[in-house]
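Coordinates in review
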Amino acid sequence: NENAISKNTPPVNPQITPGVSRVDPTFIYYMVAGLLVFLGLAGVVLPALPGMPLLFAGLLLAAWADGFQRVGWVMLTVLGALTLLSFLVDFLATVVGAKRVGASRKALWGSVLGSVAGLFFMPIGLFVGPFVGALAGEYWHGRQLQQATKVGFGTWLGIVLGTAAKLGLALAMVGLFAAAWLF
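What comes next is a walk through the structure.

Calculation rules
- Residues numbered from 1 in each chain as written.
- Predicted model: local features only at pLDDT ≥ 70, side-chain atom pairs only at ≥ 80, totals over all residues.
- Heavy atoms only, no water.
- Helix = DSSP H or I, 4+ residues; strand = E, 2+ residues; numbered from the N terminus.
- Buried < 20%, exposed > 50% of the residue type's maximum accessible area, 1.4 Å probe, protein only.
- Contact = heavy atoms within 4.5 Å.
- Areas by Shrake-Rupley, 256 points an atom, 1.4 Å probe, with all protein chains shown as cover.
- Phe/Tyr/Trp six-rings, centres within 6.5 Å; stacked < 30°, edge-to-face > 60°.
- Lys NZ or Arg CZ within 6 Å of the ring centre and 35° of its normal.
- Axes fitted to C-alpha atoms, helices over the stretch in contact; angles between N-to-C directions.
- Parallel < 35°, antiparallel > 145°, perpendicular 65-115°, else oblique.
- Nonpolar A, V, L, I, M, F, W, Y, C, P; charged D, E, K, R; others polar.

Now for the overall build of the protein chain. Counting its secondary structure elements, the protein chain contains seven helices and zero strands. The secondary structure elements of the protein chain, listed N-terminal to C-terminal, are α-α-α-α-α-α-α. For the protein chain, the proportion of its 183 residues judged to be buried stands at 34%. Sequence separation of at least 24 residues holds for 65% of the intrachain contacts in the protein chain that already meet a minimum separation of 6. Summed over its atoms, the accessible surface of the protein chain is roughly 11,600 Å², and 72% of this surface lies on carbon and sulfur atoms.

On to the packing of aromatic side chains, then. Counted by the stated rule, this structure contains four aromatic pairs. Judged by centre distance (5.8 Å) and plane angle (25 degrees), the ring pair of Phe-177 and Trp-181 falls under stacked. With a gap of four residues between them, Phe-177 and Trp-181 both fall in helix α7 (residues 145-182), about one helical turn apart. Phe-177 sits in the buried class, given a relative accessible area of 9%. Owing to a relative accessible area of 23%, Trp-181 belongs among the partly exposed residues under this scheme. Among the aromatic residues, those joined into a ring-pair cluster are Tyr-30, Phe-177 and Trp-181. The side chain of Lys-106 reaches across the aromatic face of Trp-140, ending 4.4 Å from its centre.

Axis separation between helix α4 (residues 73-100) and α7 bottoms out at 7 Å; the angle between their running directions is 170 degrees. In terms of orientation, α4 and α7 fall into the roughly antiparallel class. When the residues that make up the contact of α4 with α7 are grouped by side-chain class, the tally is 15 nonpolar, eight polar and two charged.

Below is the structure:
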C-alpha cells in the first residue's frame, strides 16, 4: 500500500545530503575566534598586524557565538574602550618618545618604515628596524650623527614602551573576558 510507505518514511529535506553529517557552526565560530585572538596577541608586537582590533574581533565573535550568554554588552563595551585606549597609547608613546628628544617628521616616518622593513629580518628586525629608521630619517633631516642617534633611541624607546603598554592592555582584555566567561 502506497500510503503505508509514505507514513513510515521520514520526510526528505533537500538541504541535507543523506549520509553526510552536519558540523555545528558554533564550533567553527569558536575556532575562528581563537585564531583572531591568537593573531591579535601576535599583532600587538608585530607591526604589520592590527593586533588590538583583531583581538577585540575574536572576543566579540566568541561572545556572539555563545549568544552573549556569558559575556554581555557591558563587558564588550569595556573591551571596546580598552581597544580604543590602545590606539591612544600607541600614538602617544611613539610621539612623546620622539618629541622628547626633538625628532623631526622624517624621523617618525623613518621609524614607521624601519618597523615594516624589520619584519623581513625577524626577530631582531622588530627591535632594530624602528631605531635604524628613525636614525636614518633624522640624519636625512640634516642632523649630526650624535643627535640622530639620540632621536633614533628616543623613538625606539617610545615604540617599545607603547608595545609593552598595549601588551598589558591585551592581556587585561583576555583576562576580563575569561573572568566574565567563567563567572
